[in-house]
Amino acid sequence: MKIKVRVSHEEDTKYASLICKKIQESAKIRGTGIAKKDPEYIKSKMINGNAVMAFYNGKIAGFIYLEVYQNKEFVVNSGLIVFPEFRKKGLANIIKIEIFKLSRKKFPNSKIFSITTSHSVIKMNTKLGFNPVSFSELTQSEKFWKGCKSCANFDILTRNQRNMCLCTGLLYKPSESYEDKTVQKKNIDNLIRGDKIILAYSGGLDTSYCLKYLLQKGYDVHTVIINTGGFKEEELKKIEERALNIGSKSHKTIDSIEDYYQNCIKYLIFGNILKNNTYPLSVSSERIFHAIKIAQYATFIKAKAIAHGSTGAGNDQIRFDIAFQIICPDKITLSPIRDLRISRTEEIEYLRNSGISICWNEAEYSINKGIWGTSIGGKETLTSYQDFPDEAYPTKLSRKKSENLELEFEKGELVSVNKEKGKAIKNILKIEKIASQFAIGRGIHIGDTILGIKGRVAFEASAAIIIIKAHHLLEKHILTKWQLHWKEQLSNWYGILLHEAQYLDPVMRDIEMFLTSTQKRLTGTVYIILYPYRFHLVGIKSEFDLMESNMAKYGEMNYSWTAEDVKGFTKILSNQMKMYHNLNKNKK
């Protein structure tokens, strides 16, 4: 089966006589409706692109047209016909949606109306936003009402001075003028039934609610999930099954792990970035890459809107919204949970009433896992004083005997774990597998959200913490004092800006270039010992180790200056302090 519904063109005029015949036959069977249509009149509609044609497996199956009255104040959707052999296939609904879209596109400031005796047409129009009205609210054009002469009930209309008939009048009023609309003002009011929406879908409660809610609104919803390392293959399959079972028209899984590493994690390592000296931006750093890929996919499949399941209290809503506004400003952004201010309990009840019963209440903690770590939220993180229980962390302590770990870096990138070469992503996963058995990398982060409120979250990120600390130790041996100083300043800003949804600002590319330039000599091996809940940085080996200079040994012997050199140096170095204290010693 292949249904095609499109705007008419000149070649469609060959169907005009057949359409008029089908309209007349249908009116005769129903005993009502405008029976006679002039083929030449229908042809003019087709030629001017003021009609919608429907085809079923290549055969003409349906038709509708629009007409304008009272200097474009009113547009009527009229002449709906689905040929008998193609009925009960949903064609009428699709045709109505397309003519409504066409009417709004060509005449955005006009009121759209129709009159009908068909209960199904009334229902379709109501879902599109039409309201039943008296005939006095419709066009008063004589030309329109004369068109009713071929209806069997025309005498009823005339006897009632055109105030009423067997038909119901339906009217749609535009919410605002087309000229006043801008991309920034677009919202759900600009969407109509059948519009294509991309939903960022994780398979959890919030996004499952969004999926069902948008489907029940009549939108054509397609789900997408971006994998940045937080899902196993079987988990992704279950998420796809859940989306399709709820009713998603299609589901897409996009792998973005390598992209995430090359464009973000690499720089988090180069910068030794820990938010507030604690949190490795595990999951928050992923969101911009989710948003970028979702926006690109929405553009690819020509979606009209993008929806996400963020609430109104967190950072992710801002990260998603900003990325969408920059990458695909023509798309409408929807966030039903935020917009409706709906509670978790209400979401569960809504889904249950919709026939979707999944035990979301059994999960006490909200867990977001990615290749760079896992964040965990629960009742304890909503307080400032409760510790996070051991059982709430996804990975458990399973190794108690210490173990050596050897990491090799080349130009700042991790190239080997325990002398086994591999790509960076593989190495990160390998460290995570080893170190998580020691329950290393756990912590609780308290920080400032983009919205200005304080937020508290637990996390476990054994690979991220170990790699950053090992990399930093190597830098201490290799980089100069002022390289380390200015790296620390810019790295801190890089982390702040990334967290604050500013990834797409060009200053981030500038900082990345600086960080990359500092890694030219950052090659060497770091030796580590793993223990339960902690690790110890033993030391490093590198041909660029500044401690291996033959000029001097700290605390031991120098070969490049004399004692007299040092005495002169200290005199000059202390000059300004001496002047200050001499001038101020009698003023205390």
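Whatever comes next refers back to the structure up there.
Heads up: these notes are all about the structure in this document.

Here is what the cut-offs are and how they apply
- Residues numbered from 1 in each chain as written.
- Predicted model: local features only at pLDDT ≥ 70, side-chain atom pairs only at ≥ 80, totals over all residues.
- Heavy atoms only, no water.
- Pairing = 2+ DSSP bridges.
- Helix = DSSP H or I, 4+ residues; strand = E, 2+ residues; numbered from the N terminus.
- Axes fitted to C-alpha atoms, helices over the stretch in contact; angles between N-to-C directions.
- Phe/Tyr/Trp six-rings, centres within 6.5 Å; stacked < 30°, edge-to-face > 60°.
- Lys NZ or Arg CZ within 6 Å of the ring centre and 35° of its normal.
- Parallel < 35°, antiparallel > 145°, perpendicular 65-115°, else oblique.
- Left-handed = near helix turned anticlockwise from the far one by under 90°.
- Contact = heavy atoms within 4.5 Å.
- Nonpolar A, V, L, I, M, F, W, Y, C, P; charged D, E, K, R; others polar.
- Expected span 1.5 Å × (residues − 1).
- Buried < 20%, exposed > 50% of the residue type's maximum accessible area, 1.4 Å probe, protein only.
- Arc of directions from axis to C-beta.
- Core = buried A, V, L, I, M, F, W, Y, C linked by side-chain atoms within 4.5 Å.

1. Here's the deal with the sheet that holds strand S19 (residues 454-460)
In spatial order, the strands read S13-S14-S19-S18; together these four strands make up an open sheet with antiparallel pairing. At either margin of the open sheet sits one strand with a lone partner, and together these are strand S13 (366-370) and strand S18 (442-448). Neighbour to neighbour, the strand axes of the sheet diverge by 25° on average, direction disregarded. Both S18 and S19 contribute to a ladder of seven bridges, which runs antiparallel. Its bridge partner being in S19, Arg 442 is matched across the sheet by Glu 460.

2. Regarding the packing of aromatic side chains
We describe a pair of aromatic rings using the distance from one ring centre to the other and the angle between the two ring planes. According to the stated counting rule, one finds 22 aromatic pairs in the structure shown. Seen from their ring centres, Phe 388 and Tyr 393 are 5.3 Å apart, and the 75° between their planes marks the pair as edge-to-face. Sitting above the plane of the Phe 83 ring, Lys 22 keeps its charged end 5.4 Å from the centroid. A cation sits over an aromatic face here: Arg 534 above Tyr 531, 4.1 Å from the ring centre.

3. Some thoughts on the packing of helix H7 (residues 205-216) against helix H8 (residues 233-246)
Contact geometry for H7 and H8: axes closest at 10 Å, N-to-C directions at 25°. Looking at the two axes, H7 sits roughly parallel to H8. Both H7 and H8 take part in a crossing whose hand is right-handed. For the pair H7 and H8, the contacting residues are Ser 208, Leu 211, Lys 212 and Leu 215 in the first and Arg 242, Ala 243 and Ile 246 in the second. A class-by-class count of the residues in the contact of H7 with H8 yields four nonpolar, one polar and two charged.

4. Details of helix H1 (residues 16-30)
A rise of 1.5 Å per residue sets the reference length of H1, with its 15 residues, at 21 Å; its end C-alpha atoms lie 21 Å apart and thus fit the reference within 8%. Where H1 is concerned, the buried positions are Ala 16, Ile 19, Cys 20, Lys 22, Ile 23, Ser 26 and Ala 27. The arc that holds every buried residue of H1, seen down its axis, measures 160°, which confines them to one face. H1 presents Lys 28 and Ile 29 as exposed residues on the side facing more than 90 degrees away from its buried surface.

5. So, the environment of Thr 449
Of note, Thr 449 is situated in the loop between S18 and S19. On the basis of relative accessibility, which here comes to 13%, the residue Thr 449 falls in the buried class. Those residues in contact with Thr 449 that sit more than four places away from it in its chain are Asn 315, Lys 454, Gly 455, His 499 and Glu 500.

6. Points about the nonpolar core
The biggest cluster of nonpolar side chains holds 74 residues, and the ones touching the most others in it are Ile 294, Trp 372, Leu 405, Leu 407, Ile 431, Ile 466 and Ile 467. Of all the elements, helix H15 (residues 462-478) adds the most residues to this core, at ten residues. Beyond its immediate stretch of four places on either side in the chain, Ile 467 contacts Ile 269, Trp 372, Phe 409, Leu 414, Ile 428 and Ile 431. Counting residues in hydrophobic clusters, the runner-up holds 38 residues, among them Phe 55, Phe 100, Phe 107 and Leu 128.

7. Brief notes about the sheet that holds strand S16 (residues 413-417)
Taken in spatial order, the five strands make up an open sheet running S17-S16-S15-S20-S21, and their pairing is antiparallel. Every interior strand has two partners, whereas the edge strands, strand S17 (420-421) and strand S21 (534-541), have only one. Note: strand S15 (residues 403-410) against strand S20 (residues 524-531), seven bridges, orientation antiparallel. Following the sheet pairing, Glu 406 is matched in S20 by Tyr 527. Lying on the sheet, H15 is in contact with S15, S16, S20 and S21; it crosses S21 at an angle near 35°.

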